[in-house]
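# Structural features, examined
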Amino acid sequence: MSQRNSEPSAEQLQDLLLESPGFAEFLLSLTTLTAAALGGRQPMLCAITVERVGNAFTVASSTPAARALDDLQYRLHRGPCLTALRTNTTVLVADTRTETRWSGYSNLMDNNGIASVLAMPIPAGNGAAAALNCYARDTGVFTPATIARIQEHAAAISGILRLALRVHFAEPFPADQRKVLQSRSVIDAAVALVMLQHRCSKDKALKVLSSAAQQPEETMHTIARDILARAADQSGRPPDHRPAD
């Protein structure tokens with residue numbers, strides 16, 4: 001696991017909330033910070049799901065691969081994340097090849113290169129339920145120490161998530177908007193990583209990206225992709241930030 005100094009500070013989380021135009025954008029940045037904080041020798045794909053009364057939900061994922069796995073759960077109406085969210089219990093899938101719960105979904109995870117999963121409920125309050133989903137490409141990743149570390153992280157981000165639910169209504173994440181949001185999240189993800197690495201505000205992180213850009217949006221987008229690619233290379237995994245289909 002990564003060191004504790006990779007955890008976002010309370011000030012960084014507050015900046016994310018104050019400077020995010022909506023709940024979906026905030027959740028995308030929070031998920032990216034979570035993936036960075038929980039990364040290490042064995043990087044994880046992370047997703048956060050928030051569900052409110054009436055089954056309206058918002059889901060944000062650190063990569064398109066994690067998002068696709070979450071989408072499978074929602075189509076099947078079952079899976080470790082939904083179970084953790086709706087029962088308020090931690091769910092561990094130690095090996096997707098031998099998992100017998102959620103018929104069909106475990107096979108789909110295995111077919112997509114996911115070997116193990118940990119789903120952790122996040123206290124959300126305000127009539128909402130939330131969960132953090134961590135996917136790993138190897139078995140043996142979720143040791144007792146790692147599970148305790150993820151539990152600590154879930155508790156640490158609970159407060160800012162509760163506040164976000166008061167500041168921004170947790171709107172659904174419509175399918176027809178996901179492609180646009182995912183394209184924009186490339187820059188958001190890079191900004192979040194710069195914030196984490198430099199311990200700076202979102203405004204300062206944007207200035208770092210802007211100062212490196214010679215031209216507007218397209219060049220900034222390219223720089224953002226380069227930052228994410230370098231981060232993935234350092235973790236020993238190839239980046240996966242292609243726009244959704």
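Please read these numbers as outputs of a predicted model, since none were measured by experiment. (Residues numbered from 1 in each chain as written. Predicted model: local features only at pLDDT ≥ 70, side-chain atom pairs only at ≥ 80, totals over all residues. Heavy atoms only, no water.)

### Structural notes on the environment of Leu 108
- Residue placement: Leu 108 occurs in helix H5 (residues 105–111).
- Given the relative accessible area of 30%, Leu 108 is considered partly exposed.
- Measuring from C-alpha to C-alpha, the distance between Leu 108 and Leu 69 comes to 8.3 Å, with 39 residues separating the pair along the chain.
- Beyond its immediate stretch of four places on either side in the chain, Leu 108 contacts Leu 72 and Leu 76. (Helix = DSSP H or I, 4+ residues; strand = E, 2+ residues; numbered from the N terminus. Buried < 20%, exposed > 50% of the residue type's maximum accessible area, 1.4 Å probe, protein only. Contact = heavy atoms within 4.5 Å.)

### A short note on the side chain of His 153
- Counting through the fold element by element, His 153 comes out in helix H6 (residues 144–167).
- Accessibility expressed as a relative area gives 0% for His 153, which makes it buried.
- Among residues more than four places away in sequence, those in contact with His 153 are Glu 7, Pro 8, Thr 34, Ala 37, Leu 38 and Leu 132.

### Re the packing of helix H2 (residues 23–38) against H6
- At a closest axis distance of 12 Å, the pairing of H2 and H6 adopts a crossing angle of 165°. Judged by the angle between their axes, H2 and H6 are roughly antiparallel. For the crossing formed where H2 meets H6, the hand is right-handed. Between H2, through Phe 23, Phe 26, Leu 27, Leu 30, Thr 34, Ala 37 and Leu 38, and H6, the contact on the second element is made entirely by Arg 149, Ile 150, His 153, Ile 157, Ile 160, Leu 161, Ala 164 and Leu 165.
- Per-class residue counts for the contact of H2 with H6 are 12 nonpolar, two polar and one charged. (Axes fitted to C-alpha atoms, helices over the stretch in contact; angles between N-to-C directions. Parallel < 35°, antiparallel > 145°, perpendicular 65-115°, else oblique. Left-handed = near helix turned anticlockwise from the far one by under 90°. Nonpolar A, V, L, I, M, F, W, Y, C, P; charged D, E, K, R; others polar.)

Just geometry here; none of it tells us what the structure is for.
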